[in-house]
Amino acid sequence: MSLFKARDWWSTILGEKEEFDQGCLCVGDVDNSGSGQDKIIVGSYMGYLRIFNPHPVKPGDGVQPEDLLLEVQLREPILQVEVGKFVSGTEGLHLAVLHCRKLCVYTVSGTLGTVEHGNQYQIKLMYEHHLQRTACNMTYGPFGGVKGRDLICIQSMDGMLMLFEQESYAFGRFLPGFLLPGPLTYSSRTDSFITVSSCQQVESYKYQVLAFATDADERQETEQQKLSSGKRLAVDWVLNIGEQALDICVVSFNQAVSSVFVLGERNFFCLKDNGQIRFMKKLDYSPSCFIPYCSVKEGTINTLVGNHNKILNVYQDVTLKWATQLPHIPVSVKVANLQGLKGVIVTLSDDGHLQCSYLGTDPSVFQAPRVDSREINYEEFDAEMKKLQKSIKEATKTQDILPKSEKHRKLIVTAEVSPDLDAESQAIDSEVKAEAVPSVTVKVTIQSRVTAQKPNLVVCVQAPLAVTCDQFFLDDLEPDASETVVLSVFLKGNCAPSELEGNCVVSYNTPTGVLNVAQCNFRLPLRLVCFPAQPSKAANHKLTIDTNKPPISFLTIFPDFVDPSGDDQANALGFQFLTGSKTTLLASKTSQRYRIQSDHLEDLWLITKELILRLEEHFKKQNCKDFACTFSGSIPLQEYFELIDQHFELRLNAEKFQELLSERAVQFRAIERRLLTRFKDKTPAPLQHLDTLLEGTFREVIALADAAEENQANMFRALTKLKSATHLVITLISLWQKLSADQVAILEATFLPLAEDTQELGWEEAVDAAISYLLRTCLSKSSKEQALNLSSDLCMPKDTSRLKKNITVFCDRLAKGGRLSLSTDSATQQAAVMPGGCTTIPESDLEERPVIPGYTGKFPSHRQVAKQKSKPGLSEDAEKEEEKP
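Rules behind the numbers
Residues numbered from 1 in each chain as written. Predicted model: local features only at pLDDT ≥ 70, side-chain atom pairs only at ≥ 80, totals over all residues. Heavy atoms only, no water. Helix = DSSP H or I, 4+ residues; strand = E, 2+ residues; numbered from the N terminus. Buried < 20%, exposed > 50% of the residue type's maximum accessible area, 1.4 Å probe, protein only. Contact = heavy atoms within 4.5 Å. Areas by Shrake-Rupley, 256 points an atom, 1.4 Å probe, with all protein chains shown as cover. Salt bridge = Lys/Arg side-chain N within 4 Å of Asp/Glu carboxyl O. Core = buried A, V, L, I, M, F, W, Y, C linked by side-chain atoms within 4.5 Å. Expected span 1.5 Å × (residues − 1). Polar contact = N/O pair within 3.5 Å; in protein donor to acceptor, adjacent residues only side chain to side chain. Pairing = 2+ DSSP bridges. Axes fitted to C-alpha atoms, helices over the stretch in contact; angles between N-to-C directions. Parallel < 35°, antiparallel > 145°, perpendicular 65-115°, else oblique. Phe/Tyr/Trp six-rings, centres within 6.5 Å; stacked < 30°, edge-to-face > 60°. Lys NZ or Arg CZ within 6 Å of the ring centre and 35° of its normal. Patch = residues over 30% accessible without salt bridge, like charges linked within 9 Å, V, L, I, M, F, W, Y side chains within 5 Å.

Asks: I would appreciate a short explanation of the overall build of the protein in the present structure.
Replies: A tally of regular secondary structure across the protein gives 13 helices and 42 strands. Counting over 885 residues, the protein shows a buried share of 45%. Sequence-distant contacts, at least 24 apart, represent 60% of the contacts inside the protein between residues at least 6 apart. A total of about 47900 Å² of accessible surface is found on the protein, and carbon and sulfur atoms cover 50% of it.

Right, here's the structure in full:
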């Protein structure tokens, strides 16, 4: 038990899930009982007003029913409550309640009870003011030196001070240079309002200056304001405190001296009436609220400061006198007289924990037990220490951080794709122009072995595919509990996707607050994007995949695309994509080959991938472990380069549209300014067709925006086609060179960067930088190339010639025995691997060279390389030729 905990005298929790803030608490004899005992008034953002009169039998007792004098719901959020002399004709205390758009003044009265239920209390509305502006806070006092009554000043969210002389509205003034509202208070000794502006300055405004300044309702432009009859609002004094203020309070315990206390984010200040600093205290914590009160020592002031560490500090001027622990973070603190006990500390938290406490100490009843003297067995200690060190070493290994297998995982997520398409399509807002857009159901199951708090499921598929719902917020999962979510996937964009895969990611918190993530992948059926069609004999693009096994009938590996009654579909199969293009798959009857052909290069990818996957699955079921696919044809680099040029041309168009839009927008704003100047002129002048020019410019802006939007859609389709062709090229290169899984991963990371394709960083410059890095490291031909520095700035190139040349050289070096590796000493290994070294191709000879078998890139023969001399390379900072031996 801590010695410095606040002594709980009385406490309660207000409502459920209600919110409170700084102005929601005040104390005072609101029912005018005359006993001098304060009541606790609390208002909440939910609109509940409560009045308490605590009288516990003994300190620490909980709330009793008779402690709550009144509870009423006002149906509007309560921003602030205050007690003062707000009704004319009487000096009794009344309750002022500030809402967002209304100020209400109530009288609280009690009726003596004649039965055991006790006294009855009620509130009666005396008057109310409907506000034209949204209120932020308020202050009250005898403005202008009036006697026996309090006036109210409300600060709005837009910087207007609205003053009310009890039942009537007096006037309103705007604060100069206003941006955001700050705390507001009134100093009766100087008859001025003090606030802290968003410029981090304490500002003081005299009431008389406010009264004679220009009326806020008549405020006009700067030129017209000089002609107004009122005076301009001027500040009395300003003090820059260099931080935002949380609260401000004026303390005056005698007529001779008054002080202005300001609580900042890291300091609290005590100022004189004229704005000079009396003292300041730097705080080493983040404060939440404060209140100054009378000190027993003459000439000093005590201050209670609460902070976000649940600590309440007591300062005498700048000296810390006491610190006490609270059970909550206070947002408001008051000092009250309750049941004859003076100086009770009343605190309120943002979630409604109301506590009345006092300062004191609890004696410690703990006594340390007597330590028995015994002999220490060092051998047992050493053995135990070694055992613990071994356990710590095993637990801190990197490979043990992740679960070794599925049975060690805390949460398992699985996705099951339905083998059949949905009977009724769930496609929503699809852009595909086909008669029917199919969808497939994905069933995601989450199994938890531990308590999973706030699980969040996200299902991702690559555009143009889409899901009916991509995010699910689930309830907490208990151990050995499961949750199932069903969704549908469909083709939304009007182009074939580059991948038929998706993934599910579940993030959740453990009871200890640790964030964990579990994920799984799923594969979508090919029928989602295409359907069976008649095979085509003619096509612009053809690929041949070789295998080491006899060809398999399509009736076996493509049962979902063939008609069992049709014998002609055993060796020929047609695929019609939803976007309209067609691809044909042929199986040789005499050799171990399969041919894929289509009019578009990008359409070959999905069929090629599906063929390889289904062949591997078929032979895996047959327990055949030596099945392999190879490619000996020519890699379609020229067709691939055409897709790159198409995508890059659309990027250039996007840049031009952006420049044109910027120019037209500047022109549009200039015409607007001239028109406004003409309209504001007191002597009307002819428009000189400015309105016609404005309308024409507006139409140009709309037309350019529509064209830019259409170009953006075309660029997305071009990028999707480029990704499909890139996947195809990567697969063909891996089959051609028989690359390992690690080398294929490097190839995919090079040609398929994870960065999103944007104008600032596009696919072309990212791939060019990755290929240039590989040409200078694992595919370099000498140490001189490795010494060349890569440019650190990635910017949009002028054209794609450098990228296409680097891709050609990249494939050339792979053809000559180069191997992909990320090790630092790969260059020295390549010299032994590459036959005759890896020679760079001069630029002048790239276009006209004999084609080697198995490749469409034009490379020199071995004799030609031996005769050539060194020439400038392919790019400015890379490919420099060396002399051939």
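Picking up where we left off.
Asks: Where do I start with the pattern of salt bridges in this structure?
Replies: In a structure, side chains of opposite charge can pair up when their charged atoms sit close to one another. Applying the stated rule across the entire model yields 23 salt bridges. For the salt bridge of Asp31 with Lys39, the shortest nitrogen-to-oxygen distance reads 3.2 Å. Of the two residues, Asp31 and Lys39, both sit in the buried class. Note that Asp560 is salt-bridged to Arg614, the shortest N-O span being 3.0 Å. Placement of the pair is Asp560 in the loop between α4 (554-557) and β39 (572-577) and Arg614 in helix α5 (residues 604-621), with a sequence separation of 54 residues. Taking relative accessible area as the criterion, Asp560 reaches 28% and is therefore assigned partly exposed. If you follow the salt bridges from partner to partner, you end up with Arg523, Asp560, Glu610, Arg614 and Glu617 in one network.

Asks: Would you take a moment to explain the nonpolar core for this structure?
Replies: Side chains of nonpolar character tend, in soluble globular proteins, to be buried together. Core analysis: the biggest nonpolar cluster contains 100 residues, and Tyr640, Ile807 and Phe810 have the highest contact counts within it. Residue contributions to this core peak at 10 residues, all from helix α7 (residues 690-737). In this structure, Ile807 is in contact with Leu637, Tyr640, Phe641, Ile644, Phe751 and Ile771, ignoring residues within four places of it in sequence. Judged by nonpolar contacts, the second largest core, of 17 residues, contains Leu79, Val87, Ala135 and Phe174.

Asks: Got a minute to help me understand helix α3 (residues 378-395) in this structure?
Replies: Residues separated by three or four positions in an α-helix point in the same direction, a consequence of the helix having 3.6 residues per turn. When the terminal C-alpha atoms of α3 are compared, their 25 Å separation across 18 residues agrees well with the 26 Å that a helix rising 1.5 Å per residue should span. By the N-cap criterion, in which a side-chain oxygen at the helix start approaches the backbone nitrogen of a residue two or three places on, α3 is capped by Asn377, the distance to Glu379 being 3.2 Å.

Asks: Where do I start with the sheet that holds strand β22 (residues 287-294) in this structure?
Replies: Two orientations exist for strands paired in a sheet by backbone hydrogen bonds: parallel and antiparallel. Taken together, 4 strands build an open sheet; the order of strands is β22-β23-β24-β25 and the sheet is antiparallel. Here the strands that pair on one side only, and so sit at the sheet edges, are β22 and β25 (319-325). Direction aside, neighbouring strands of the sheet carry axes that sit 20 degrees apart on average. Direction of pairing for strand β24 (residues 311-316) relative to β25: antiparallel, over a ladder of 6 bridges. Note that in β25 the partner of Val314 across the bridge is Trp322.

Asks: Teacher, can you tell me more about the packing of helix α8 (residues 741-751) against helix α9 (residues 763-776) here?
Replies: Angle between the axes and distance between the axes are the two parameters that describe a pair of packed helices. Running from N to C, α8 and α9 cross one another at 140 degrees; their axes reach a closest spacing of 8 Å. Our classification of the angle between α8 and α9 gives oblique. On the side of α8, the interface is formed by Ile746, Thr750 and Phe751, while α9 contributes Trp763, Val767, Ala770, Ile771 and Leu774.

Asks: Any chance you could explain the side chain of Asp546 here in plain terms?
Replies: Inspection of the secondary structure puts Asp546 in strand β38 (residues 541-547). A distance of 3.0 Å separates a polar atom in the side chain of Asp546 from a polar atom in the side chain of Ser632. When neighbours within four sequence positions are excluded, Asp546 is seen to be in contact with Gln592, Arg593, Ala628, Cys629, Thr630 and Ser632.

Asks: What exactly am I supposed to notice about the pairing of strand β30 (residues 439-448) here?
Replies: Most of β30 sits inside the fold, with 7 of its 10 residues counted as buried. Of the strand pairs in this sheet, strand β29 (residues 411-417) and β30 are connected by 7 bridges, and their pairing is antiparallel. Across the sheet, Val413 pairs through a bridge with Ile446, a residue of β30. In this structure, β30 lies alongside strand β34 (residues 481-491), joined through 10 bridges in antiparallel fashion. Paired with Thr445 across the bridge in β34 is Thr484.

Asks: Could you clarify how one ought to interpret the environment of Pro54 in this entry?
Replies: Mapped onto the secondary structure, Pro54 falls in the loop between β4 (48-52) and β5 (68-73). Its relative accessible area of 0% is what places Pro54 among the buried residues. Residues Pro54 and Leu68, 14 residues apart in the sequence, show an inter-C-alpha distance of 7.9 Å. Excluding its chain neighbours within four sequence positions, the residues that come into contact with Pro54 are Trp9, Trp10, Ile40, Asp67, Leu338, Gln339 and Cys356.

Asks: So what exactly am I meant to see when it comes to the packing of aromatic side chains here?
Replies: One pair of aromatic rings is described through two measures. These are the centre distance and the angle between the planes. As enumerated under the stated definition, the model contains 20 aromatic pairs in all. Seen in terms of ring centroids, Phe558 and Phe561 are 6.3 Å apart; in terms of plane orientation they differ by 75 degrees. Their pairing is edge-to-face. For Phe558, a relative accessible area of 0% corresponds to the buried category. One Lys or Arg, Arg527, reaches over the ring of Phe561 and ends 5.6 Å from the middle of that ring.

Asks: Mind showing me how you'd approach the side chain of Ser192 here?
Replies: Here Ser192 shows up in strand β15 (residues 192-196). For Ser192, a relative accessible area of 1% translates into the label buried. Only 3.4 Å separates the side chain of Ser192 from the side chain of Ser204, close enough to count as a polar contact. Filtering out sequence-adjacent residues up to four positions away, Ser192 remains in contact with Thr185, Tyr186, Ser187, Ser204, Tyr205, Lys206 and Tyr207.

Asks: What is the right way to read a nonpolar patch on the surface from this model?
Replies: Together, Ile376, Tyr378 and Phe381 give the surface a local cluster of nonpolar side chains, amounting to about 360 Å² of exposed area. With respect to the element layout, Ile376 can be found in the loop between β28 (353-358) and α3. Owing to a relative accessible area of 48%, Ile376 belongs among the partly exposed residues under this scheme.

Asks: When you look at the sheet that holds strand β35 (residues 501-509) in this model, what are you seeing that I'm missing?
Replies: Overall, antiparallel pairing links the 4 strands, which are arranged β33-β31-β35-β36 in an open sheet. A single partner strand is all that each edge strand has here, and the edge strands are β33 (471-473) and β36 (515-523). Mean inter-strand twist for the sheet, computed between neighbouring axes without regard to direction, equals 15 degrees. Relative to β35, strand β31 (residues 453-461) is paired through 7 bridges, and the arrangement is antiparallel. Residue pairing for β35: Leu457 is matched across the bridge by Val506.

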